[in-house]
Amino acid sequence: MALQLVGLVLGGIGLIGTCAVTGMPQWRVTAFIDNNIVVFEAQWEGLWMNCVRQANIRMQCKVYDSLLALTPDLQAGRALMCVGICLTFLAFIIAVIGMKCTVCVGDNTRAKGIILLVAGITFILSAIVVLIPVSWTGNQIIRDFYNPLVLPSQKRELGDALYIGWTTALLLFVGGLILCCSFWIGEKKVRYSLPPKLVTGAPPPKSATSGPLRQPSSLYSKSQYV
């Protein structure tokens, strides 16, 4: 049960992290690499909006007017992160149903183990879905940063949302792996707890009320042995 609780807690943290990364605007942040750039103003670009923050005092955000105006990585990031939220939420609900401390499916240990296995696989799939847009956006930012054809004012750095996204994907993967391991451990315990089978041809157990076993009488007389 402790192993299942650890996997469930990691999956719950991953669910919160996935929702936070999807809504955070800090996917791309301004890169202060030019001498003439205004350092007291930072620009943030997210999946749904861009924000301008001035010297930690004031921040203004604006939702994107058109989806087609976004870069391909941000367009794919929107869809994949929404799918990731749905998968993570579904995996969390399935894991709660299959927990040993719940009574949703009664006391059927094997059924709960299969449910936990499905939840673990779903958590791993959600980790992959979250990892794809985060890594894609990070790769695009790094390529533009070292591209000499890109103007310094258009270069960006990795935002906090990307680091949180990588951590969230790791937590989801570990949580799903733990739930899958708990299924295999439960299967081994069920196999080892089966009663031993009776050996064919073994003598029946001696009853406490019956007397001592009698030896079978010989059909031949003593004179016939000579």
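An unreviewed UniProt entry lists the protein chain under the name Claudin, with Xenopus tropicalis given as the organism. If you open the UniProt record of the protein chain and go to Function (unreviewed entry), you find "Claudins function as major constituents of the tight junction complexes that regulate the permeability of epithelia." In its Sequence similarities (unreviewed entry) section, the UniProt record describing the protein chain reads: "Belongs to the claudin family."

**Concerning the overall build of the protein chain**
Along the backbone of the protein chain there are four helices and five strands. For the protein chain, the residues scored as buried account for 34% of the 226 residues in total. When contacts within the protein chain are restricted to residue pairs at least 6 apart in sequence, those whose partners lie at least 24 apart make up 64%. Surface accessibility of the protein chain: about 14,800 Å² in total, with carbon and sulfur atoms responsible for 66%.

**Focus: the pairing of strand 3 (residues 49-54)**
As judged from the five bridges shared by strand 2 (residues 41-45) and strand 3, these two strands associate in the antiparallel manner. When the sheet's bridge partners are listed, Ala 42 is paired in strand 3 with Arg 53. Taking the residues between adjacent antiparallel strands as the criterion, strand 2 and strand 3 are bridged by three residues. The sheet contact formed by strand 3 and strand 4 (residues 58-63) spans six bridges and is antiparallel. The residue bridging Val 52 from the neighbouring strand is Gln 60, located in strand 4.

**Focus: the sheet that holds strand 1 (residues 28-30)**
Taken together, five strands build an open sheet; the order of strands is 4-3-2-1-5 and the sheet is antiparallel. Both edges of this open sheet fall to strand 4 and strand 5 (156-158), since each of them pairs with a single strand only. Neighbour to neighbour, the strand axes of the sheet diverge by 25 degrees on average, direction disregarded. Contacts from helix 3 (residues 109-145) reach strand 1 and strand 5, with the element oriented near 140 degrees to strand 5.

**Remarks on the pattern of salt bridges**
Scanning the entire structure with this criterion turns up four salt bridges. For the salt bridge of Glu 45 with Arg 28, the shortest nitrogen-to-oxygen distance reads 4.0 Å. A residue pair is termed long-range when its members are at least 10 positions apart, and Glu 45 in strand 2 and Arg 28 in strand 1 qualify at 17 residues. Judged on exposure class, the residue Glu 45 and its partner Arg 28 are both buried.

**As for the packing of aromatic side chains**
Using the criterion set out here, one finds two aromatic pairs in the structure. The interplanar angle of 80 degrees and the centroid separation of 5.3 Å between the aromatic rings of Phe 145 and Tyr 146 together place this pair among those described as edge-to-face. Residues Tyr 163 and Trp 166 carry aromatic rings whose centres are separated by 5.8 Å and whose planes lie at 75 degrees to one another, so their mutual orientation is edge-to-face. Residue Tyr 163 and its partner Trp 166 are located together in helix 4 (residues 160-192), separated by three residues, close to a single helical turn. The side chain of Lys 155 reaches across the aromatic face of Phe 145, ending 5.9 Å from its centre.

**Section: the nonpolar core**
In a soluble, globular protein the nonpolar side chains are often hidden away together inside. Core analysis: the largest hydrophobic core is formed by 25 residues, its most contacted members being Trp 27, Met 81, Ala 95, Phe 123 and Leu 179. Here this core takes seven residues from helix 3, the largest share from any one element. Excluding residues within four positions of it along the chain, Met 81 makes contact with Thr 18, Val 21, Thr 22, Trp 27, Leu 47, Val 130 and Pro 133.

The rules behind the values
- Residues numbered from 1 in each chain as written.
- Predicted model: local features only at pLDDT ≥ 70, side-chain atom pairs only at ≥ 80, totals over all residues.
- Heavy atoms only, no water.
- UniProt positions renumbered as here; feature names shortened; annotations may be inferred.
- Helix = DSSP H or I, 4+ residues; strand = E, 2+ residues; numbered from the N terminus.
- Buried < 20%, exposed > 50% of the residue type's maximum accessible area, 1.4 Å probe, protein only.
- Contact = heavy atoms within 4.5 Å.
- Areas by Shrake-Rupley, 256 points an atom, 1.4 Å probe, with all protein chains shown as cover.
- Pairing = 2+ DSSP bridges.
- Axes fitted to C-alpha atoms, helices over the stretch in contact; angles between N-to-C directions.
- Salt bridge = Lys/Arg side-chain N within 4 Å of Asp/Glu carboxyl O.
- Phe/Tyr/Trp six-rings, centres within 6.5 Å; stacked < 30°, edge-to-face > 60°.
- Lys NZ or Arg CZ within 6 Å of the ring centre and 35° of its normal.
- Core = buried A, V, L, I, M, F, W, Y, C linked by side-chain atoms within 4.5 Å.

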